[in-house]
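Architecture at a glance
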Amino acid sequence: SEVTIVSANPDKMAVFDTITVQNSTNITFDSVDVDFKPTVNTYSHESAFMISGSSDITVRNSHIEGENAKQNGVDSIAGYPVGRGMTVQNSSDVVLEGNDISYLHKGIITISSERLDILNNSIENLRLSHIAGADVHDVTIEGNYLGAVRPHNYGGAGDHGDYIHFWILDGQAKNSSDIHIADNFFAQGDGLRMMGVYLEDHWDTTAKFTNVVIDNNLFHLADHQSILIEGAQGVAITNNTMLQSGGAPNDAPGVVLSVGVKGVVLDSNIFSQPVAIMDNNVQVVQNTNNLVVQYSNPNGANYAGSYFPNVSKQSPDISDLQPSQNIGRGASLTEAGPGSSGKTPDRPAPQQPDTNDGGDTGQDPVDQQPPVSEKPGTGGDSGNTGD
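Since the structure is predicted, the reported quantities are computational estimates derived from the model, not experimental observations. (Residues numbered from 1 in each chain as written. Predicted model: local features only at pLDDT ≥ 70, side-chain atom pairs only at ≥ 80, totals over all residues. Heavy atoms only, no water.)

All right, on to the overall build of the chain then. For the chain, the count of helices and strands is one helix and 30 strands. Across the chain, every contact between residues at least 6 apart in sequence was considered, and the portion connecting residues at least 24 apart equals 64%. For the chain, the exposed surface amounts to about 15100 Å²; the carbon and sulfur share of it is 44%. (Helix = DSSP H or I, 4+ residues; strand = E, 2+ residues; numbered from the N terminus. Contact = heavy atoms within 4.5 Å. Areas by Shrake-Rupley, 256 points an atom, 1.4 Å probe, with all protein chains shown as cover.)

Structure representation (structure tokens):
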């Protein structure tokens, strides 16, 4: 029968250092606080909350927070967070709902799992990806606030990351099917530019992404590959709004289709640059009712500021990015995350170290003996891919 572990007083949550659920079933955690405190010996793959080999696990209304490293360690850099918020591996029927996750290397990593619901969470102030993993099946990512990211030495030999990044695992037995990404707010805020959604499959693997839906999401980013899809079969990109948060004109967020993507539907979106098709084998079966806005000429047609007066505001919330008129396309999103503001509750920020970031090593710290396989990305823009 189901076991529920819940704080007696949700306004003063019970505090754990870490939580591990292994080879278990029918457990719900409600309104708990995981206060992850890394040391100089902490590796980036270590998790505040680990779910492994389990099923029917729910984590809701909870707070998971790490902190910035105070000095360089075995896998950390002073001034940057280390460790994962949550890992879900070899598990099924997992629900992560209404949580806030912050100040970690990565937010949620999932490997070889199925029927995973990531709903109405706030994930921000990371070093890298909010949600990432491989060999995933029947995944719903809906209603989340995905906020600021601050990579170290971003691009080139430095950090690479994406808000949502799934890839096909080497030797994966079956397709990664039924990936549903909807009603999320991708907000750069005061962080750095990174890709929004990256489905990576450029190794000609037997398994593919199938039945992918990206619908009613609001992107406020400065990366031209805000959606990059490779090798997927059956992709619907509908009712999304992609607005530019800053950067150069060629940084305007858009959709890139590559490596023989088939069965693509593009309908009722607002893009900040035209869809880029990088492969002659890409198959778009429907391209209707989409609008491309521009930022250079306030008196010209389809000027973004005419539709979205607050598009250039620093760190806008969802209400700032509502259209001033009925455009007949784009996202209708009005809230994301645990609250209607689309941002996490106010909490004191982890203490910043007095030291510098340790210098540019030219390389990412290496995960040693990771519990799951993480495959770095190599496709697309060399400064913006991989996990």
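Text resumes after the structure shown.
Ranked by internal contacts, the top residues of the largest apolar core, which has 59 residues, are Phe49, Ile51, Leu96 and Phe166. No other element matches the four residues that strand E14 (residues 131–142) contributes to this core. Once residues lying within four places of it in the same chain are set aside, the contact partners of Leu96 are Ile51, Val59, Met86, Val88, Ile108, Leu116, Asp117, Ile118, Leu119 and Asn121. (Core = buried A, V, L, I, M, F, W, Y, C linked by side-chain atoms within 4.5 Å. Buried < 20%, exposed > 50% of the residue type's maximum accessible area, 1.4 Å probe, protein only.)

So, on to the pairing of strand E12 (residues 106–119). With ten of its 14 residues buried, E12 lies for the most part within the structure. The pairing of strand E9 (residues 84–89) with E12 spans five bridges and is parallel. Note on E12: the bridge partner recorded for Val88 is Thr110. The pairing of strand E10 (residues 92–97) with E12 spans five bridges and is parallel. Pairing of Ser92 across the sheet is with Glu114, part of E12. Examined bridge by bridge, E12 and E14 share ten bridges and lie parallel to one another. Residue pairing in the sheet places Thr110 in a bridge with Gly133 of E14. (Pairing = 2+ DSSP bridges.)

Our focus in this paragraph is unusual backbone geometry. Its identity as a non-glycine residue notwithstanding, Asn153 has a phi of 50 degrees, on the positive side. Looking at the element boundaries, Asn153 is found in the loop between strand E15 (145–146) and strand E16 (162–167). A residue is classified by how much of its surface remains accessible, and Asn153, at 27% relative accessible area, is partly exposed. In the Ramachandran plot, Asp178 falls in the positive-phi region, its phi being about 60 degrees despite a non-glycine side chain. Residue placement: Asp178 occurs in strand E17 (residues 176–182).

Structurally, Asp190 is set in the loop between strand E18 (185–187) and strand E19 (195–200). The spatial distance from the C-alpha of Asp190 to the C-alpha of Asn125 is 9.5 Å, given a sequence separation of 65 residues. When near neighbours in sequence (up to four residues on either side) are disregarded, Asp190 contacts Ala148, Arg150, Gln314 and Ser315.

Further remarks concern the packing of aromatic side chains. Applying the stated criterion across every chain yields a total of four aromatic pairs. Relative to Phe186, the ring of Tyr163 has its centre 5.9 Å away and its plane inclined at 55 degrees; by these criteria the two rings are tilted. A residue pair is termed long-range when its members are at least 10 positions apart, and Tyr163 in strand E16 and Phe186 in strand E18 qualify at 23 residues. On the accessibility criterion, Phe186 (0% relative accessible area) is buried. On the basis of an interplanar angle of 10 degrees and a centroid distance of 4.3 Å, the ring pair of Phe186 and Phe219 is categorised as stacked. One end of the pair, Phe186, is in strand E18; the other, Phe219, is in strand E21 (residues 218–221), with 33 residues separating them in the sequence. Three or more aromatic residues link up through ring pairs in this structure, and these residues are Tyr163, Phe186 and Phe219. Cation over ring: Arg127 sits above Tyr80, and NZ or CZ is 5.8 Å from the ring centre. (Phe/Tyr/Trp six-rings, centres within 6.5 Å; stacked < 30°, edge-to-face > 60°. Lys NZ or Arg CZ within 6 Å of the ring centre and 35° of its normal.)

If you walk through the whole model with that rule in mind, you get twelve salt bridges. Residues Lys37 and Asp35 are paired through a salt bridge, measuring 3.5 Å at the closest nitrogen-oxygen approach. Judged by its relative accessible area of 51%, Lys37 falls in the exposed class. A relative accessible area of 25% places Asp35 in the partly exposed class. Linking Lys70 and Glu67 is a salt bridge whose minimum nitrogen-to-oxygen distance equals 3.0 Å. Judged by relative accessible area, which is 42%, Lys70 ranks as partly exposed. Connected through shared salt-bridge partners, Asp35, Lys37, Glu67 and Lys70 make up one network. (Salt bridge = Lys/Arg side-chain N within 4 Å of Asp/Glu carboxyl O.)

What follows is about the side chain of Asp201. Note that Asp201 resides in the loop between E19 and strand E20 (209–215). Classification of Asp201 as buried rests on a relative accessible area of 1%. Asp201 has contacts with Ile168, Ala207, Lys208, Phe209, Glu230, Gly231 and Val259, leaving out every residue within four places of it along the chain.

Moving on to the environment of Val256. Relative to the elements of secondary structure, Val256 occurs in strand E25 (residues 254–258). Spatially, the C-alpha atoms of Val256 and Ser226 are 8.0 Å apart, while their sequence positions differ by 30 residues. Leaving out residues up to four positions away in the same chain, Val256 has contacts with His224, Gln225, Ile227, Leu228, Ile229, Ala276 and Met278.

The quantities given are spatial measurements derived from coordinates; they are silent on function.
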